[in-house]
Each structure stands twice: as C-alpha cells, then as structure tokens.
Amino acid sequence: MASAAITLAADAPTLSSANTGFMLICSALVLIMTPGLAFFYGGMVRVKSTLNMLMMSFISIGIVTILWVLYGFSMAFGTDSGSLIGWNSDWVGLSNIGLTELWDGYTIPIFVFMVFQLMFAIITPALISGALADRVKFTAWALFVALWVTVVYFPVAHWVWGSGGWAFELGVIDFAGGTAVHINAGAAALGVILVIGKRIGFKKDPMRPHSLPLVMLGAGLLWFGWFGFNAGSWLGNDDGVGALMFVNTQVATAAAMLAWLIYEKIRHGAFTTLGAASGAVAGLVAITPSGGAVSPLGAIAVGAIAGLLCAMAVGLKYKLGYDDSLDVVGVHLVGGVVGSLLIGLFASGKGQSTVEGLFYGGGLTQFWKQCAGVFAVLAYSLIVSALLAFILDKTIGMRVSEDDEVAGIDQAEHAETAYDFSGAGGGAARTAAPAPVAAAASKKVDA
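These numbers come from a predicted model, not from an experiment.

Moving on: the overall build of the chain. Broken down by element type, the chain carries 17 helices and two strands. Considered along the principal axes of its C-alpha atoms, the chain spans approximately 95 × 50 × 45 Å. Taken over 447 residues, the chain has a buried fraction of 54%. Across the chain, contacts joining residues at least 24 apart in sequence account for 76% of those joining residues at least 6 apart. By element, 67% of the accessible surface of the chain is carried by carbon and sulfur atoms, the whole surface being about 18,600 Å². Here the chain contributes 20 positively and 26 negatively charged side chains, and the mean placements of these two sets differ by 17 Å.

Okay, structure coming up:
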C-alpha cells in the first residue's frame with residue numbers, strides 16, 4: 001500500500017511555473033480582445049453611435065467580472081448537478097481557494113484557470129452588442145448582460161466544458177468556444193433583435209461604417225488576442241496540441257480572409273477593407289471549436305468554407321428582414337455552426353484526441369454529436385435571450401426614444417460625442433464663414 005501511495009503521489013500533477021506564466025499571458029491576450037471588439041464594432045457604426053458601441057463592450061468587463069467572482073465560476077465549473085449546471089460553495093466569492101491549489105488534472109492553479117475562463121465570459125455578451133447598434137438603452141443593455149450571463153452563458157459553459165456537463169459527456173468537441181461563445185452569442189443576438197425590431201431607416205438610409213481604420217485596428221487586436229483565446233484553451237504546452245491550435249488559428253484566418261475577398265470581388269466587384277476584416281473574424285470564429293482536431297490542411301478548408309459561407313450569410317438580413325446591425329448572426333452564429341460541424345468531417349485523429357471525422361474514416365458518429373451540441377445551444381440561447389429581451393422591453397423598455405435614436409445615441413445615453421468638430425473650421429483669428437457656407441458645414445457635421 002505504501003509503495004502504491006508513493007507511485008500515486010509521484011504521478012500527481014505539480015505546479016508548472018512555465019504553464020502558469022503562459023496561461024496568465026493568454027488570459028491577458030483574451031482580455032484585450034474585448035477592447036479590440038469595441039474598436040471593431042465602434043468603427044462599423046455611424047459616427048453618432050461610436051461611443052455607445054465602445055461602452056457596450058467595456059461595461060461587460062465590469063459586470064461579468066464581478067458576477068464571475070461571486071457565483072459564475074461556481075455555476076460553470078463547480079460540481080455537476082443533473083448534467084445542466086455546476087455549483088461549489090467553496091468557490092463563491094473565490095473565498096476558499098488556495099494560492100497553489102491546482103485545477104484538477106492540470107499543472108496550473110485554480111485561480112489561473114478561473115481568470116482565463118473569466119475572459120471568455122466577458123467577451124461573449126459583448127459579441128451580442130454588435131447586432132443591437134444605435135437603438136438600445138444603456139441601462140437596459142447592462143441589465144441584460146447581467147441576466148444573460150447568469151441564465152445562459154454560465155449554464156452553457158458548464159454543458160460544454162464542465163465535468164459532468166451533458167455536451168462534455170456526450171463527446172461534443174469544442175476546443176475554445178464555437179458553441180459556448182460564438183453560437184451562443186449569435187443565437188442570442190438573433191433572439192434579441194427579433195424582439196426589439198429594426199433601426200429607424202433600415203434598408204432606406206445609408207448606414208455605412210464611419211471609420212474603417214478603426215475597424216481594421218479592432219480586427220488586428222482580435223486576431224492577435226485570439227492566439228491566447230485558442231492556444232491557451234489546452235491549458236498548457238506539454239504535448240504540442242496548443243502549438244497545433246496556434247498554427248491552425250493563423251492558417252484558417254488567412255484562408256477565410258482570402259475566401260471572403262474573392263467572393264466579394266466576384267459578387268460586388270471590389271476587395272474591401274471591411275471584407276478583409278470580416279473575413280478574418282469569420283475564420284477565427286470557425287477555427288475556435290475545430291483547431292485542435294484538424295490538421296493545418298484541414299484548417300485551410302475550415303477557414304475557406306467559413307469565409308465563403310459567412311460572406312454569403314451577411315446579406316440574409318436584407319432578404320429576411322431582421323436588422324443585425326453589424327452582422328453578428330452572419331459571422332458568429334454561422335461561423336460557429338460551420339466550424340463546429342466541420343469537425344465531424346475533418347477531424348484527423350492526430351490532435352486533441354483520436355476522434356476521426358468522415359473524411360478520415362471515422363464515419364458520421366462525431367458529426368451527429370456535433371449537431372446535438374450546436375442545435376441545443378442555438379435553440380436554448382435563442383429562446384431564452386428573446387424572453388429576457390421581451391421581459392426587459394415590457395418593463396423598463398429596451399429601446400431609446402425615436403428622437404434620441406435619430407439625433408444620436410451617444411449624446412442621449414452618454415452625454416458625449418466621439419469626435420469634437422468645434423475646431424474643425426480653424427482658429428479664432430479666421431473670419432466667420434458666410435451664412436450659407438456655415439449652414440452647409442453644419443449639415444455635414446450633423447450627418
């Protein structure tokens with residue numbers, strides 16, 4: 001017995017300073033994705049909504065951080081109850097976790113795993129905000145975030161990643177968040193916009209991005225931070241799977257960007273910066289669930305397919321009449337579904353597990369498992385998110401007034417504007433412009 005105990009003790013994981021440091025860096029990389037998302041979305045809206053778009057992402061950092069510490073981590077990763085939710089009273093408020101107490105089966109402290117997963121919880125509701133641009137009260141949005149992460153994100157994270165969660169036990173593969181993050185957020189976005197309705201002037205007024213450089217900056221920060229998002233999800237660097245995920249993240253993103261641009265050139269006659277940024281994000285979304293299971297050649301296929309299908313999907317809002325302001329449904333929902341389902345076709349059996357997809361001789365077994373995870377999360381998030389939006393709309397109201405929406409939500413909700421045009425006409429020494437010229441300039445500023 002003594003020798004067995006000695007053997008077990010020798011086999012038990014010990015704290016790795018290398019993996020711990022790596023995971024802390026990855027956590028910071030995932031955090032920077034939320035400001036990156038804010039810039040990405042902020043550049044895509046009209047000038048009068050810029051600050052509101054930035055704030056809808058930033059407020060998620062504050063709200064979700066506190067809720068995660070109080071009870072979210074316990075709900076998502078605590079002891080399983082009925083395969084639907086977790087709970088661990090010792091983790092409430094993070095009050096009974098030792099500094100060097102390890103995450104079960106790994107070489108990093110619980111605190112490190114907790115903070116890494118916190119960053120995922122922060123960005124997921126922020127993704128939803130892009131669909132609601134220009135028209136939602138900030139107070140209603142903040143309350144929606146708090147309610148949504150509690151009744152949707154925390155339980156779904158347990159289903160997918162928590163020990164005992166039904167999707168986890170079924171064998172649904174989701175390396176870093178295709179279902180729990182992207183399908184979850186995309187379906188929620190669709191549910192909310194079906195309740196709150198379209199922007200004033202949808203399909204009538206021009207609603208072009210006001211700052212494409214800001215969009216490209218945001219996309220660049222997302223691409224950079226996504227390496228922590230994806231490669232970090234293996235929770236260490238001991239067997240090369242994290243390195244495979246890092247490589248596949250780059251490869252799929254490049255393929256998706258190229259596929260989107262090719263489609264755009266054929267369909268619309270130009271290679272646009274917005275298309276490049278959107279294609280890159282589509283590739284990042286699609287490789288998130290699949291990158292640990294596919295080869296680099298498989299990653300090219302995943303990225304190219306996602307780039308093409310997401311580029312096609314963004315136009316559906318005009319055909320079907322739902323106002324997804326910044327294409328959250330077209331990119332995150334569609335990209336998440338594509339990336340998750342393609343695991344059932346392209347899984348090589350040489351990455352995170354020995355599971356093989358249809359094209360590698362594994363049949364359709366894994367594909368059907370992926371379908372179960374994808375459509376369960378999609379339906380749950382869509383229905384519950386719509387219900388939350390309906391309740392908030394009927395109580396405190398979700399939308400700003402028509403006058404505030406037309407005049408600009410930045411001024412109405414935040415008493416600020418993104419850009420100060422007061423000095424645009426020159427210094428005080430210049431003579432005043434004639435009245436007709438001044439009036440024309442004023443109209444340009446207002447636009």
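Okay, the packing of aromatic side chains next. Counted according to the given criterion, the structure contains 26 aromatic pairs. Between the aromatic rings of Trp-91 and Trp-103, the centroid separation amounts to 5.8 Å while the plane-to-plane angle is 40°, which identifies the pairing as tilted. Taken as a pair, Trp-91 in the loop between β2 (85-87) and α4 (110-128) and Trp-103 in the loop between β2 and α4 lie far apart in primary sequence, 12 residues in all. Of the two residues, Trp-91 and Trp-103, neither departs from the other in class, the shared state being buried. On the basis of an interplanar angle of 15° and a centroid distance of 5.6 Å, the ring pair of Phe-175 and Trp-234 is categorised as stacked. One end of the pair, Phe-175, is in the loop between α6 (166-170) and α7 (178-196); the other, Trp-234, is in the loop between α8 (212-231) and α9 (241-268), and 59 residues separate them in sequence.

Opposite charge on two side chains permits pairing when their charged atoms draw close. With the rule as written, the count across this model stands at five salt bridges. For Lys-317, the salt bridge identified is with Asp-327, shortest N-O distance 2.9 Å. Pair noted here: Lys-317 is in helix α12 (residues 316-320) and Asp-327 is in the loop between α12 and α13 (328-346), with a separation of 10 residues, a long-range link. For the pair shown, Lys-317 and Asp-327 are each scored as buried. Here Glu-405 and Arg-399 are joined by a salt bridge, their closest N and O atoms 2.8 Å apart. Residues joined in a network through salt bridges with shared partners are Arg-46, Asp-134, Arg-199 and Asp-323.

This part is about the confidence of the model for the chain. Taken residue by residue, the chain gives an average pLDDT of 93. The fraction at 70 or more is 92%. Overall, residues 1-9 carries pLDDT values under 50, and its contacts beyond four positions in sequence, including any with other chains, amount to zero contacts. Ignoring residues within four places in sequence, the model shows residues 427-447, a span with pLDDT below 50, making four contacts including any to other chains.

Here we take up the packing of α4 against helix α5 (residues 138-161). The geometry of α4 relative to α5 is characterised by a closest axis approach of 10 Å and an angle of 125° between their N-to-C directions. Considering the angle they form, α4 stands oblique to α5. For α4 against α5, the interelement crossing comes out right-handed. Contact residues: α4 offers Gln-117, Phe-120, Ala-121, Thr-124, Pro-125 and Ile-128, while α5 offers Trp-141, Phe-144, Val-145, Trp-148, Val-149, Tyr-153 and Trp-161.

On to the environment of Met-245, then. Mapped onto the fold, Met-245 is located in helix α9. The exposure class of Met-245 is buried, given its relative accessible area of 0%. Note: C-alpha distance between Met-245 and Gly-292 (47 residues apart in sequence) is 5.2 Å. Other than its neighbours up to four places away in sequence, Met-245 contacts Phe-175, Asn-230, Ala-231, Ile-287, Thr-288, Gly-291 and Gly-292.

Here we take up unusual backbone geometry. The phi torsion of most residues other than glycine is negative, and most of the peptide bonds are trans. At Leu-94, a residue that is not glycine, the phi angle is positive and equals roughly 55°. Within the fold, Leu-94 resides in the loop between β2 and α4. A residue is classified by how much of its surface remains accessible, and Leu-94, at 14% relative accessible area, is buried. In the Ramachandran plot, Leu-235 falls in the positive-phi region, its phi being about 65° despite a non-glycine side chain. Mapped onto the fold, Leu-235 is located in the loop between α8 and α9.

We now examine the nonpolar core. Counting 122 residues, the largest nonpolar core has Trp-68, Phe-73, Leu-132 and Tyr-153 as the members making the most contacts within it. Setting aside chain neighbours within four positions, we find Trp-68 in contact with Phe-73, Ala-76, Phe-77, Met-114, Gln-117, Leu-118, Ala-121, Tyr-153 and Phe-154.

Quick look at the environment of Trp-159 now. Counting through the fold element by element, Trp-159 comes out in helix α5. Excluding residues within four positions of it along the chain, Trp-159 makes contact with Ser-83, Leu-84, Gly-165, Trp-166, Ala-167, Phe-168, Ala-376, Val-377 and Tyr-380.

The next thing to look at is a nonpolar patch on the surface. Taken together, the side chains of Leu-358, Phe-359, Tyr-360, Leu-364 and Trp-368 present a nonpolar region at the surface, about 520 Å² in accessible area. Within the fold, Tyr-360 resides in the loop between α13 and α14 (365-395).

Our next topic: the packing of helix α2 (residues 17-44) against helix α3 (residues 50-77). What describes two packed helices is the angle between their axes and the distance between those same axes. Here α2 crosses α3 at 160°, and the two axes come no closer than 8 Å. Taken together, α2 and α3 sit at an angle that is classed as roughly antiparallel. In this structure, α2 meets α3 at a crossing whose hand is right-handed. Touching Leu-31, Thr-34, Pro-35, Leu-37, Ala-38, Phe-39, Tyr-41 and Gly-42 of α2 are Thr-50, Met-53, Leu-54, Ser-57, Phe-58 and Ile-61, all from α3. When grouped by side-chain class, the residues that make up the contact of α2 with α3 number 10 nonpolar, four polar and no charged.

By the definition in use, this model includes zero disulfides. With no disulfide partner, Cys-371 has as its closest neighbouring cysteine sulfur the one in Cys-310, 17 Å distant.

Looking now at α4. In an α-helix, one turn spans 3.6 residues, which is why side chains three or four residues apart end up on the same side. The end-to-end C-alpha separation of α4 is 29 Å, in line with the 27 Å expected for 19 residues at 1.5 Å each. The element α4 is extensively covered by neighbouring structure, given that 17 of its 19 residues are classed as buried.

What counts, and where the lines are drawn
Residues numbered from 1 in each chain as written. Predicted model: local features only at pLDDT ≥ 70, side-chain atom pairs only at ≥ 80, totals over all residues. Heavy atoms only, no water. Helix = DSSP H or I, 4+ residues; strand = E, 2+ residues; numbered from the N terminus. Buried < 20%, exposed > 50% of the residue type's maximum accessible area, 1.4 Å probe, protein only. Contact = heavy atoms within 4.5 Å. Areas by Shrake-Rupley, 256 points an atom, 1.4 Å probe, with all protein chains shown as cover. Lys, Arg positive; Asp, Glu negative; His and termini not counted. Charge placed at Lys NZ, Arg CZ, Asp CG, Glu CD. Phe/Tyr/Trp six-rings, centres within 6.5 Å; stacked < 30°, edge-to-face > 60°. Salt bridge = Lys/Arg side-chain N within 4 Å of Asp/Glu carboxyl O. pLDDT = per-residue confidence, 0-100. Axes fitted to C-alpha atoms, helices over the stretch in contact; angles between N-to-C directions. Parallel < 35°, antiparallel > 145°, perpendicular 65-115°, else oblique. Left-handed = near helix turned anticlockwise from the far one by under 90°. Core = buried A, V, L, I, M, F, W, Y, C linked by side-chain atoms within 4.5 Å. Patch = residues over 30% accessible without salt bridge, like charges linked within 9 Å, V, L, I, M, F, W, Y side chains within 5 Å. Nonpolar A, V, L, I, M, F, W, Y, C, P; charged D, E, K, R; others polar. Disulfide = S-S within 2.5 Å. Expected span 1.5 Å × (residues − 1).

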